[in-house]
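Each chain is listed here by its residues.
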2 protein chains.
Amino acid sequence: MNVHEKSDLRAFFEPGAIAVIGSLNEWGGLGYTAVRNMLRFNYGGRIYPINPSYKEALGLRAYPEIAAVEDQIDLAIVITPKQTVPGIIDQCARKGVKAAIIVSDGFAETGEDGARLQRQIVEISHRTGLRIIGPNTIGTLNTENGLVTNPYSISYDKVYKGNIAYCSQSGIVGAQGQPLKDQAYPISKMCDLGNKCDVNEVDLLNYLYQDPQTSVIAMHIEDVRDGHKFIETVRRVAARKPVLLLKPGRTERGAKAAASHTGSLTGSERVYDAAFRQAGAIRLDTWREFWEIPRIFVNQPLPQGNRIAIITFTGGVGVASVDTAEECGLAIADFSPVTVSRLSRLSPQLARNPVDLGPIIPVTENPLPVLEETIAAVLDDSNVDCVTATLYSSSDAETPVYMDILDRVMKNVTKPVSIWIYGTELAAMEELSRQVQGRGFPAYFDIELAIKALATAARYSRVKSSLDQ
Amino acid sequence: MNVHEKSDLRAFFEPGAIAVIGSLNEWGGLGYTAVRNMLRFNYGGRIYPINPSYKEALGLRAYPEIAAVEDQIDLAIVITPKQTVPGIIDQCARKGVKAAIIVSDGFAETGEDGARLQRQIVEISHRTGLRIIGPNTIGTLNTENGLVTNPYSISYDKVYKGNIAYCSQSGIVGAQGQPLKDQAYPISKMCDLGNKCDVNEVDLLNYLYQDPQTSVIAMHIEDVRDGHKFIETVRRVAARKPVLLLKPGRTERGAKAAASHTGSLTGSERVYDAAFRQAGAIRLDTWREFWEIPRIFVNQPLPQGNRIAIITFTGGVGVASVDTAEECGLAIADFSPVTVSRLSRLSPQLARNPVDLGPIIPVTENPLPVLEETIAAVLDDSNVDCVTATLYSSSDAETPVYMDILDRVMKNVTKPVSIWIYGTELAAMEELSRQVQGRGFPAYFDIELAIKALATAARYSRVKSSLDQ
């Protein structure tokens, strides 16, 4: 089996037919909830609930066992007591199922008894070629076809389609753990690898490398199974798509916690860090960054350098943001004489970076053209590689005007722009954010994140050109 | 004039009568908007709009000049073109006004012409004893009496009363720049010091030191006018109330930006940092921290040490949070044998820190008593000084049950607890957050912030005992 075959995870993300093996009790049965989630998310394939106690569930015919299904099954979702799992996996293999997601937990993560059970499963997988994600996972999500294997109650029915793949070893990265709809994250695929008894981070990277819907990969990992192969794979993937890693274990105690959680050894932090860097992966520091930073890669071009222009409506924030920019590897751009003169025509105070429009706004009849000319001027400057601009949200109806400004200034521009939104009402800020993101601009309520997103893009731009060579 | 007199800023925060000098044009006149804001925020004192072109504004009698008002004026708010300001300040002094907030800008922050104008004002202040905040400021806010001097449009009419004083040199820290109502920040006072031509950070600290409504001070400063006096003052204040500083200039370029923004010299960063630390001030890193961290000091006791217990519903987040805790100076508590045995009775997997309830929840009929016993057990442990606990918000109605649990476990407990909230719907998360905060617990959507809040409390606890000695 060569690498390419081994990494073909299509059955996990693009199955034509799914068997769901678990409780069909309509009051919280995990099999029932998994099927209901699929129907609510408009999964387009065929679904076969499997349970000997039911003839029907959610309007679908139920089968006593997987062998009774006449259709070819691509993916089985197994949510049964752990002792039953090896037998069920065996039945799946006999039926010719290509892939199984084992949601059940109580395996290697709990001790030697569980590890023994897990080894039985792995043995079947190796013997038959049945690929397995898990155990101890919520599985996969694919916005292209409405697939969601999550067996927990999700209080919404839609995840936005986009180009970010979120991968994890934890169920926190799932539709039952995040307000994916409210946050409008533009998602291609999600995957919780769980215990990684078979499919691991390398397989997933290989699949996402080839996935045309994915243009950026955010990956939370606690351990790496084969360091050499992982680094080799990241290097290949990072030449085409950004690979952003959230990996705990920066501190000694953190590394110990990661080891005890996954039941596997974690390597020396320094060795990991150097290897990640060499391979072109970019490490993130917080869960907020994990969710929010990938947005910068969805619609924005890569910056050609690290010189940032910052436009705020408030000098205090502008000044504080200089520290952030410098600390994450950006340089405050020195404006060219042409830009200085364009900005000075608006007001002599504006001709410095960060540009503070604050004093101009109250004394200008209509400050929006000033904002537009300011953004246009700094984008035109060949000393500027990327821009963080500010939009102020009040309850007034300035949103359409902002959208027009963004549309006009961005014409023919090939520099990335991130937007910091502030204002007086959360609901209005959230609505403005959705509108701005709908236009392809990553929007943030923290200016530090807006700047760090650009810094991450600048870093990836350097990574990409070094890997291209 | 001794320090005590010089620092009595009562007229700025507790005026009985206010004169508002500025445009009363109802379509955006800044004087008009300032008066309207005061009325909407239910300011209880007497308001005198001053403008020769109007006989009346918002149902209040308007006066052509401040001399025409027969009442004693405590505070004048000056929002007029900069050239007129020295004359108006002179009139205020003649009238016996105690304090003036100069909103107008265009002074020292813009260059030598403005600096000259500013010196004229300072001269009047020194000669007459009239105290001045500003120029270039939005002034003060006091939730005790509904005072708000902000002349910009605010889309809400209420700020929550509480014990946090937010101070700044920037208008971003104001009701026109923050969703103060939606975020339910528990606020005592707010103050934008602007150009600090007279009243500065030392005066403000002295006032807040004595203010019974204020129990924690969050202060954004770009420069310090008298380093020696500032350090001396911080040391005195910090022995009684936490002083949290957001001060840009961590990087060289950041320090340069701060200097050019305020028109004053900023000192060497290293000197500042050492002096702050010595005086017991605690520095914050981001605006988000500036707004969110002070909450931990409002209702929670100070921790007696730095050993944290972390309770999550998701192992992945628990593991990653160990790094955060260690990096910000906390130690992961080693549970006592009693705690290990109490937790093991619930499930053998629970007896380690961070405690991951994730695997227990799906297999437990009612996981809430398990959550309650877990929180109670770790709070009882004498090896634990502080706790971050997790609440999961779905669209279900678990909120009242959570509140009951918090009420019960916190009885007779004298350790601080911060709450990390996650879930599937932003609106439900925000509502749960408000409920939890209403019970006195600081709640955060980022676990890193929940932990950093406790780390800040632990640091302040050490500062306080060293200053007490």
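Residues numbered from 1 in each chain as written. Chains lettered and ligands numbered in written order. Predicted model: local features only at pLDDT ≥ 70, side-chain atom pairs only at ≥ 80, totals over all residues. Heavy atoms only, no water.

Asker: Describe the pattern of salt bridges, and please don't skip the residues or the numbers.
Answerer: All names here are of chain A. Taken as a whole and assessed by the stated rule, the structure comprises 54 salt bridges over all chains. Linking Asp 273 and Arg 283 is a salt bridge whose minimum nitrogen-to-oxygen distance equals 2.8 Å. Highlighted residues: Asp 273 in helix H10 (residues 269-279) and Arg 283 in strand E14 (residues 282-283), separated in sequence by 10 residues. Assessed through its relative accessible area of 16%, Arg 283 is described here as buried. Two residues, Arg 439 and Asp 407, come together in a salt bridge whose shortest N-O distance is 2.9 Å. Here Asp 407 lies in helix H16 (residues 399-409) and Arg 439 lies in the loop between helix H17 (426-438) and strand E20 (443-444), a separation of 32 residues in the sequence. Judged by its relative accessible area of 35%, Asp 407 is partly exposed. Sharing partners across several salt bridges, the network here consists of Asp 90, Arg 94, Glu 123 and Arg 127. (Salt bridge = Lys/Arg side-chain N within 4 Å of Asp/Glu carboxyl O. Helix = DSSP H or I, 4+ residues; strand = E, 2+ residues; numbered from the N terminus. Buried < 20%, exposed > 50% of the residue type's maximum accessible area, 1.4 Å probe, protein only.)

Asker: Please give an account of the side chain of B:Arg295 that cites residues and values.
Answerer: Take B:Arg295: it is sitting in the loop between helix H11 (287-292) and helix H12 (296-299). Not counting residues up to four positions away in its chain, the partners in contact with B:Arg295 are B:Ile164, B:Gln183, B:Ala184, B:Tyr185, B:Pro186, B:Gln437, B:Pro442 and B:Tyr444. (Contact = heavy atoms within 4.5 Å.)

Asker: Before we move on, could you go through the relation of the copies chain B and chain A and cite the residues and values that matter?
Answerer: It takes a turn of 180° to lay chain B on chain A, together with a shift of 0.0 Å along the axis; the resulting RMSD is 0.0 Å. Considering both components of the superposition, the chain copies are consistent with a two-fold axis. Taking C-alpha positions as the reference, the residue of chain B nearest the rotation axis is B:Ala427, at 4.7 Å. The residues that chain B uses at the interface reappear at the interface of chain A in 100% of cases, marking a shared surface. (Least-squares fit on C-alpha atoms with pLDDT ≥ 70 in both.)

Asker: Which residues make up the environment of B:Ile282, and what values do they have?
Answerer: Along the chain, the position of B:Ile282 falls in strand E14 (residues 282-283). Apart from residues no more than four positions distant in its own chain, B:Ile282 is found in contact with B:Val243, B:Leu244, B:Leu245, B:Thr456, B:Arg459 and B:Tyr460.

Asker: Can you lay out the packing of helix H14 (residues 337-346) of chain A against helix H15 (residues 368-380) of chain A for me, pointing to particular residues and giving the numbers?
Answerer: Residue and element names in this part refer to chain A. Taken N-terminus to C-terminus, the directions of H14 and H15 make an angle of 170°; their axes are 9 Å apart at the nearest point. Judged by the inter-axis angle, H14 sits roughly antiparallel to H15. Each of Thr 339, Arg 342, Leu 343 and Leu 346 in H14 lies in contact with H15, whose residues at this interface are Val 370, Glu 373, Thr 374, Ala 376, Ala 377, Val 378 and Asp 380. When the residues that make up the contact of H14 with H15 are grouped by side-chain class, the tally is 6 nonpolar, 2 polar and 3 charged. (Axes fitted to C-alpha atoms, helices over the stretch in contact; angles between N-to-C directions. Parallel < 35°, antiparallel > 145°, perpendicular 65-115°, else oblique. Nonpolar A, V, L, I, M, F, W, Y, C, P; charged D, E, K, R; others polar.)

Asker: Can you explain the interface of chain B and chain A? Please cite residues and give values.
Answerer: One frequent convention defines the size of an interface as the accessible area lost when the parts assemble. Contacts between chain B and chain A engage 65 residues on the former and 65 residues on the latter. Both faces considered, chain B and chain A share a buried interface measuring about 5,000 Å² in area, 52% of it formed by carbon and sulfur atoms. For the interface between chain B and chain A, the tally reads 4 salt bridges. At the junction of chain B and chain A, the tally comes to 21 residue pairs in polar contact (both at pLDDT 80 or more). For the side of chain B that touches chain A, the secondary-structure elements that each account for two or more residues are helix H6 (180-183), helix H9 (252-262), H11, helix H13 (315-327), strand E19 (417-423), helix H17 (426-438) and helix H18 (447-468) of chain B. Considering every element that reaches the side of chain B that touches chain A, the biggest residue donor is H13(B), with 10 residues. Residues of the side of chain B that touches chain A, tallied by class, amount to 25 nonpolar, 23 polar and 17 charged. (Buried area = accessible area lost by both parts, 1.4 Å probe. Polar contact = N/O pair within 3.5 Å; in protein donor to acceptor, adjacent residues only side chain to side chain.)

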